[in-house]
Amino acid sequence: MQKQPEVMEKMMSLCKRRGFIFQSSEIYGGLSSVWDYGPLGAELKRNLKEAWWRSYVYGRDDIEGLDAAILMNPLVWMASGHVTSFEDTLVDCLSCRKRFKVEHVTGKICPECGGALTEARQFNLMLKTHLGPVEDSASLSYLRPETAQGIFVNFSNVLSSMRRKIPFGIAQTGKSFRNEVTTGNLTFRSREFEQMEIEFFVKPGTDEEWYHKWVEERFGWYISLGIKKANLRKREHAKDELAHYAKGCTDIEYQFPFGWSELEGIANRTDFDLKQHARLSGKDLQYFDEETKEKYLPYVIEPSGGVDRSILAFLTDAYTEEEVRGEKRFSLKIHKTLAPIKAAVLPLLRNRPEIVSLARAITAELKDNMKAMYDDTASIGRLYRRQDEIGTPYCITVDVDSLSDHKVTVRDRDSMKQDRIGVDKVKEYVVEQLKGAV
Ligand code: GAP
């Protein structure tokens, strides 16, 4: 893989040029480490979250979905340990005023300007807000730094409303917020980001087995959606790296252009969270096993992935440069399930109304089943190239012969194979090719 800055710069340029990712509030100079998803990015993100939801909430019998609020009772964050332990140790430069994590500086000299640094201070990463009209300590609230706690506080609700038995899991995707200090590398470390988390509740003693099962399951999931195995690895945390709640944790790392970095963490959170919530809320959160008549607090295995980091990994992995007849071209060989647009209909001649109306009719038919588009804004060569750049799996060309033989050409992005298909069979053909992806 090419090293930074080339690939990262190309990715950033592609993301902006083709409407995947924009800087937040760009016309005002942006907002550091906050990003917006453009039309294609929004589709990709929806497809990614949907693939995850389908794999776990629909695909398994032992997982329920949830959509908890971002704002929670502040006691949640006392119980979870985030008020006291979710901190970075930082130093400030007295000259340039930049702020650094203490582990990123040597001595007391600013790594950027050489100025003197302050003493190290603790900074909590949670974003604070106030609820209601009065900004006093009683109204203090936080934007959640992880979606997990919404699951823990709803453990009993889901257990009883869905008549669940241990082992079972609760899955949710949603926004989280952290006042990150280290920024850069596009969306990799954002202040507002999205997570896809499962809290899987198991009987204590079976936790190790489930932990290993989930590490394998999640590793395989990325590969099943097209990430190259050589760019993925597992890394087990050393004891001194573990989060305050974890007994063990394995990161799934991706080889980003800026180096191997965390894509997802699978942690054994033990009964830490349920125990803490039981203590602070005064509610009994134990599980009663009807068969063995045992009562216990379940242990929790947590596969916690980042939507934004996954998107960055899938885009980087799919980015392909080729030389075609002496010309540099690039395409996005992204999995069909994730591709923002599944099919594009391209008229060979845009000044022939019969061709245009046939192409538009085919597009309208495809739109019943998938995100499809019509494009006649450039020459056919350019139109193909544009679709390759955004990873559209199928391009359908309507030409002069289509008017007489009632057939169109369907081109496969990856094999470049072209099939001549009857106009009345196009939808059936494309849906068949995209089987499982729409
Ligand atoms: N509930 C556990 C938890 O939140 P984490 O390792 O802090 O664990 C889990 O975060 C995942 O969330 C990470 O692997 C990463 O994919 C994503 N993530 C965390 N912080 C992020 C940030 N600032 N920007 C983008 N993604 C982030």
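Just so it is clear, the model here is predicted, and its values are computed rather than measured. (Residues numbered from 1 in each chain as written. Predicted model: local features only at pLDDT ≥ 70, side-chain atom pairs only at ≥ 80, totals over all residues. Heavy atoms only, no water.)

## Side note on the domain arrangement of the protein chain
Segmentation of the protein chain into domains returns domain 1 (4–70 + 145–315) and domain 2 (341–437). Using C-alpha coordinates to define each centre, domain 1 is positioned 37 Å away from domain 2. In this assembly, 7 residues from domain 1 lie in contact with 6 residues from domain 2. Interface area for domain 1 against domain 2, summed over the two sides, is near 540 Å², with a carbon-plus-sulfur share of 54%. It is R18, L40 and E43 that lose the most area in domain 1 upon contact with domain 2, and together they represent 65% of the buried surface on that side. There are 2 salt bridges connecting domain 1 and domain 2. E389 is the partner of R18 in a salt bridge, and the nearest nitrogen-oxygen pair spans 3.1 Å. Counting the contacts that link domain 1 with domain 2 gives 3 residue pairs in polar contact (both at pLDDT 80 or more). By residue number, the principal contributor to the side of domain 1 that touches domain 2 is helix α2 (residues 39–58), which donates 3 residues. (Domains from an automatic or database assignment. Contact = heavy atoms within 4.5 Å. Buried area = accessible area lost by both parts, 1.4 Å probe. Salt bridge = Lys/Arg side-chain N within 4 Å of Asp/Glu carboxyl O. Polar contact = N/O pair within 3.5 Å; in protein donor to acceptor, adjacent residues only side chain to side chain. Helix = DSSP H or I, 4+ residues; strand = E, 2+ residues; numbered from the N terminus.)

## Structural notes on the nonpolar core
Residues F20, W214, W221, Y222 and L315 are the most contacted members of the largest nonpolar core, which totals 54 residues. Secondary-structure elements contributing two or more residues to this core are α1 (6–17), α2, β10 (192–202), α7 (207–224), β12 (248–256), β13 (259–270), α9 (307–318) and β18 (327–332). The residues contacting W221, other than those within four sequence positions of it, are L48, A51, W52, S55, Y56 and M196. (Core = buried A, V, L, I, M, F, W, Y, C linked by side-chain atoms within 4.5 Å. Buried < 20%, exposed > 50% of the residue type's maximum accessible area, 1.4 Å probe, protein only.)

## Some details on the site of the ligand
Around the ligand, the structure places 22 residues, and the nearest of them are E146, R178, E197, E262 and L263. One of the side-chain nitrogen or oxygen atoms of E180 is found 2.8 Å away from a nitrogen atom of the ligand. Contact between the ligand and E197: a nitrogen atom at 2.5 Å from a side-chain N or O atom of the residue. In the complex, 91% of the free accessible area of the ligand, which totals 550 Å², lies under the protein chains. In this structure, the ligand is accommodated by the largest pocket. (Near = heavy atom within 4 Å. Areas by Shrake-Rupley, 256 points an atom, 1.4 Å probe, with all protein chains shown as cover. 1 Å grid on protein atoms, 1.4 Å probe; cavity = no way out; pocket = protein on both sides within 12 Å on 5 of 7 lines; lining within 4 Å. Sits in = over half its atoms within 2 Å of the grid points.)

## Quick word on the pattern of salt bridges
What the rule picks out here adds up to 45 salt bridges. Of the charged contacts in the structure, one is a salt bridge between D251 and R235, with a shortest N-O distance of 3.6 Å. Remark: R235 occurs in strand β11 (residues 232–236) and D251 occurs in strand β12; sequence separation between them is 16 residues. When the shortest N-O distance is used, the salt bridge between R269 and D273 registers 2.9 Å. For the residue pair R269 and D273, the accessibility class agrees, reading buried in each case. If you follow the salt bridges from partner to partner, you end up with R233, R235, E241, D251 and E253 in one network.

## A short note on the sheet that holds strand β5 (residues 99–101)
Across the sheet, which stays open at both edges, the 3 strands sit in the order β5-β4-β6 with antiparallel pairing between neighbours. In the strand order of this sheet, the two ends are held by β5 and β6 (121–124), each with one partner. The average angle at which neighbouring strand axes cross in this sheet is 50°, direction not considered. Bridge analysis of strand β4 (residues 87–92) against β6 gives 4 bridges, and the strand direction is antiparallel. Looking at β6, one finds that T89 is bridged to Q122. (Pairing = 2+ DSSP bridges. Axes fitted to C-alpha atoms, helices over the stretch in contact; angles between N-to-C directions.)

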